[in-house]
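# Fold and contact review
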Amino acid sequence: MHFNLVFEGGGAKGLVFVGAMKEFERQGHTYGRLLGTSAGAITATLLAAGFSADEMLVQVNEKLPDGSPRFATFMDVADTISDADWENSVLYKLSKRIDWPFVPERAESKIDQYVFRQFMQMKVYRLLFTFLELGGLYAGNAFLAWLREKLDLNGRNLGQATLAEFYEHTGKDLTVVASNITDGGILVLNHRTAPNCPVAWAVRMSMSIPFVWQEVRWQKEWGAYHGRDITGHAIVDGGLNSNFPIRLLISRSRDVIEVMGPHDGAFALGMLIDETKPVANSEIGPKSAAPPAVAEVKNLPIVRRVSNLVNTMTNANDKTIIDAYKDGVCRLPAKGYETTDFDMSNARVAALIAAGTLTMQEFFQTFLAES
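Quick summary incoming for the structure in this document. Source: prediction; values computed, not measured. (Residues numbered from 1 in each chain as written. Predicted model: local features only at pLDDT ≥ 70, side-chain atom pairs only at ≥ 80, totals over all residues. Heavy atoms only, no water.)

Turning our attention to the pattern of salt bridges. One pass over the structure, following the stated rule, counts 16 salt bridges. Residue Glu62 is joined to Lys150 by a salt bridge in which the shortest nitrogen-to-oxygen separation is 2.9 Å. With Glu62 in the loop between helix H3 (53-60) and helix H4 (83-87) and Lys150 in helix H8 (residues 141-152), this residue pair connects regions lying 88 residues apart in the sequence. The buried category is assigned to Lys150, whose relative accessible area is 2%. Between Arg348 and Asp341 there is a salt bridge, and its shortest N-O distance comes to 3.8 Å. The class of Asp341 is buried, set by a relative accessible area of 8%. Several salt bridges share partner residues, and in doing so they unite Arg33, Asp173, Arg192 and Asp264 into one network. (Salt bridge = Lys/Arg side-chain N within 4 Å of Asp/Glu carboxyl O. Helix = DSSP H or I, 4+ residues; strand = E, 2+ residues; numbered from the N terminus. Buried < 20%, exposed > 50% of the residue type's maximum accessible area, 1.4 Å probe, protein only.)

Shown next as structure tokens:
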């Protein structure tokens, strides 16, 4: 059968899509339109670039020279903070209000700068600064470099491609979803709405889970979004608006057609990450452990509260549509896995992928029997 595919966001849990696609390909099904948010945007983009499930599996299992997963580098703490960022920060402005006893007023400014620069040498403080001032714990540069590298792999030469160039080269109708937190709107990024936006940056914006990865500012050279100038707007994970944007593939409403084009009649198959469904053998191998500096910041009450709020919002937005379209949604297990488990053991990766394969097989047995 021929399907349009949509993939939910879920960070490292998105590895389950690799297993699901292995079974999808084994059964000989084909796909047309590809749509995703966050981790789903990564999967959709790699598929659109011509990666098979087996090729994606190779990338999933990529290791660094020390044997650790390359995915672990996605949790990259900023090496430096630009002078412009910290000098214009609220934290710095507050620090300047400190009245240093017995210090002449003309010398206080130099002391303020010196003290702040010393703080910036500390990894844990850079984490806290980027969380409070730049929208996320991690810089996201390592992910961007990784994705560009993969899109250039084996002569694809798509690492720097815009959405329009990507569509022209691959012929695949790719859409990724992001959220504009400057004006509160959803961004449906494809060759129609944002032709000059680089594919790699579109995905980087889509996976910017608030307070996990730093937000992205829309650049002038990326052109307009759907005819509107949004230069300088702050863009984050599409999950804030739609973590499972299957509506964009099934609706024939005017607002959807404006950004997606006419409905092509293909059946939309949704791949949903279900944190309530257990993964067989997932207890094999150690669970991921955050580096000490990261753990200190992640344990702050404000971080925990914000994380819970974000999870609640992203899970609630699409529930009504999911319930109404349940026969076209494959619920892939991910219980016990965390969004930022990028350094999980080989055994836990294998268990998650195997669970995706088995669940997709069971889904098609029921789906094809009822079709």
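Following the structure, the description resumes.
Turning our eyes to something else, we now look at the nonpolar core. In a soluble, globular protein the nonpolar side chains are often hidden away together inside. Counting 98 residues, the largest nonpolar core has Leu5, Met21, Leu189, Trp218 and Met271 as the members making the most contacts within it. Among the elements that take part in this core, helix H17 (residues 346-370) stands out by supplying nine residues, more than any other. Once you skip the residues sitting within four places of it in the chain, Leu189 turns out to touch Leu163, Leu174, Thr175, Val176, Ala178, Ala194, Ala202, Met205, Trp218 and Tyr225. Core analysis: the second largest hydrophobic core is formed by ten residues, Ala78, Tyr92, Phe116 and Leu134 among them. (Core = buried A, V, L, I, M, F, W, Y, C linked by side-chain atoms within 4.5 Å. Contact = heavy atoms within 4.5 Å.)

Another aspect to go through is unusual backbone geometry. Non-glycine residue Ser38 carries a positive phi angle of around 55 degrees. Checked against the element boundaries, Ser38 lands in the loop between strand S2 (30-37) and helix H2 (39-48).

To continue, consider H3. Among the residues of H3, Ala53, Met56, Gln59 and Val60 are the ones counted as buried. Axial view of H3: buried residues confined to an arc of 115 degrees, hence all on one face. Along its buried surface, H3 packs onto helix H1 (16-26), H2, H8 and H17. (Arc of directions from axis to C-beta.)

Moving on to the packing of aromatic side chains. Overall, the coordinates contain 23 aromatic pairs when judged by the stated rule. Judged by centre distance (6.1 Å) and plane angle (80 degrees), the ring pair of Phe3 and Phe267 falls under edge-to-face. Here Phe3 is found in strand S1 (residues 2-7), whereas its partner Phe267 is found in strand S9 (residues 267-274), with 264 residues between them in sequence. Owing to a relative accessible area of 30%, Phe267 belongs among the partly exposed residues under this scheme. (Phe/Tyr/Trp six-rings, centres within 6.5 Å; stacked < 30°, edge-to-face > 60°.)

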